[in-house]
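# Structural description and commentary
Here is what each chain is made of, one letter per residue.
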Amino acid sequence: MPRFLHTADWQMGRSYSRFEIEDGAALVEARFAGIERLAQLANEHQCDAILVAGDVFDAQTVSDRTIRRVFNATKGFAGPWVMLPGNHDAALAESVWTRAQRLGAVPANVHLALEPGVVSLESQGLAVLCAPLTQRHTYGDLTEPFSHYETPNDLLRIGLAHGSVQGLLSDDIDATNPIAPDRAENSRLDYLALGDWHGTKQVNERTWYSGTHEAERFRNNDAGNALIVEIAGPGATPAVSQVATGRYQWHQWRETLAVEFDLEQLLSRLEALPDASVVDLRLEGSITLAGEDKLLEALSVAEARFRSIQCDRSGLQLEPTEDDIAALHADGYVGEVIEDLRHQQQEQQSEEARDALAILAGLLKGRDQEVGQ
């Protein structure tokens, strides 16, 4: 009973310039470790092969070091790997793939599907019908020739392609690299392994996107998985199991704070996240000075615990309560300045007034702490 692992969209060599250098480097390393994890999973599940449905590399210009590291990471699985060029690493006349071959970096058990056709894995019971992209964008269905490919009757017909299944995206999106939604049926495929959609997605019982092995963006599309596919024989329905492979969880929250409970709920949700989290927060609404202290303390703790947390507080107004102002001991002229800044915030939506109020409150609290000592 043939069994294989389906993965895609590694995009090795991508950078994370929006993050701190240390965090970006850790996210890059997680993608290499993810390939090693795929090899380990293939061994654990006794897979016959690993199929990579495009975008192994993020660009044609990745470094030689990245190329070598990618293929080094595959060494944990001695069975066959079949790698398909996608839109990011299309099989051009001169490409990242031809460079890899010149470097001598491609192991003997890794099959590069640089041309349309069939990769026959007879010992594994698989005939892999490949539709590599030979340019970044096409407007014809490169999987159409699958219907004309002849394969031995005793081998499973497995399609391997990278593109957009028609009808999955909204009508106003002009999707390149189209794939017919009924390709598996029309081409007598036992399974169609797809890449391009970075999350795990089932199209029909024989057609799946595996998604990327390690999430790399703030999009709730079920990324960070691989698929273990088992098929009893030609014509049998595939048994597909989703297996988590990602190290980091990515969370993007847009929150509006109005009352104290909103802040408490937000901080509880943050505390419940695992350490291996990448978090992007944007806060709007209003917060008291006491609430601001709680928030900043929680963010400080989170910065040390999570892989990364970024918080945009520009839309969050400081609204000191009477208790807040009393705690600052802001009498006389300073009290009048605070009231004026509060008014500017409320009436003019002034970010400068908000920042000035935060700075002034910080100075007053620092003064009170020094006096207390």
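Small disclaimer: the values here were computed from a predicted structure and weren't measured.

## Description of helix α2 (residues 64–73)
For α2, the complete set of buried residues consists of T66, I67, V70, F71 and A73. All buried residues of α2 lie within an arc of 160° about the axis, which places them on one face of the element. On its buried face, α2 sits against α1 (21–44), β3 (81–83), α3 (96–103) and β4 (110–112).

## So, the pattern of salt bridges
Throughout the structure, instances matching the rule amount to 16 salt bridges. R37 is paired through a salt bridge with E44; the nearest N and O atoms lie 4.0 Å apart. Of the charged contacts in the structure, one is a salt bridge between R217 and E216, with a shortest N-O distance of 3.0 Å. Look at R217 and you get partly exposed, because its relative accessible area is 30%. Under the relative-accessibility criterion, E216 is labelled buried at 4%. In this structure, a network of salt bridges that share partners links the residues R14, E216 and R217.

## Section: the sheet that holds strand β15 (residues 249–257)
An order of β15-β16-β17 is seen for the three strands of this open sheet, with the pairing classed as parallel. Every interior strand has two partners, whereas the edge strands, β15 and β17 (308–318), have only one. This sheet shows a mean twist of 5° between the axes of neighbouring strands, independent of strand direction. Pairing of strand β16 (residues 277–287) with β17 involves nine bridges; the strand directions are parallel. Paired with S286 across the two strands is Q317, which belongs to β17. Sheet strands touched by helix α5 (residues 260–272): β15, β16 and β17. Its angle to β15, the strand with the most contacts, is close to 175°. Against the sheet, helix α6 (residues 289–305) engages β16 and β17, with an angle of about 170° to β17.

## Considering the sheet that holds strand β13 (residues 225–230)
Sheets are built from strands that pair by backbone hydrogen bonding, the pairs being arranged parallel or antiparallel. Strand order in the open sheet formed by six strands is β4-β3-β2-β1-β13-β14, with mixed pairing between adjacent strands. Looking at strand neighbours, the two that pair on one side only are β4 and β14 (239–244), the edges of this open sheet. Across this sheet, the average inter-strand angle for adjacent strands is 20°, counted without regard to direction.

## Side note on the pairing of strand β10 (residues 191–195)
The buried fraction of β10 amounts to five of the five residues, a majority that puts the element mostly inside the structure. Side chains Y191, A193 and G195 project from β10 onto one buried face, and the interleaved L192 and L194 project onto a second face that is buried too. The pairing of strand β7 (residues 156–162) with β10 spans five bridges and is classified as parallel. Of the residues in β10, the one forming a bridge with I158 is Y191. As paired elements, β10 and strand β12 (residues 207–209) share three bridges and run parallel to each other.

Definitions and cut-offs
- Residues numbered from 1 in each chain as written.
- Predicted model: local features only at pLDDT ≥ 70, side-chain atom pairs only at ≥ 80, totals over all residues.
- Heavy atoms only, no water.
- Buried < 20%, exposed > 50% of the residue type's maximum accessible area, 1.4 Å probe, protein only.
- Helix = DSSP H or I, 4+ residues; strand = E, 2+ residues; numbered from the N terminus.
- Arc of directions from axis to C-beta.
- Contact = heavy atoms within 4.5 Å.
- Salt bridge = Lys/Arg side-chain N within 4 Å of Asp/Glu carboxyl O.
- Pairing = 2+ DSSP bridges.
- Axes fitted to C-alpha atoms, helices over the stretch in contact; angles between N-to-C directions.

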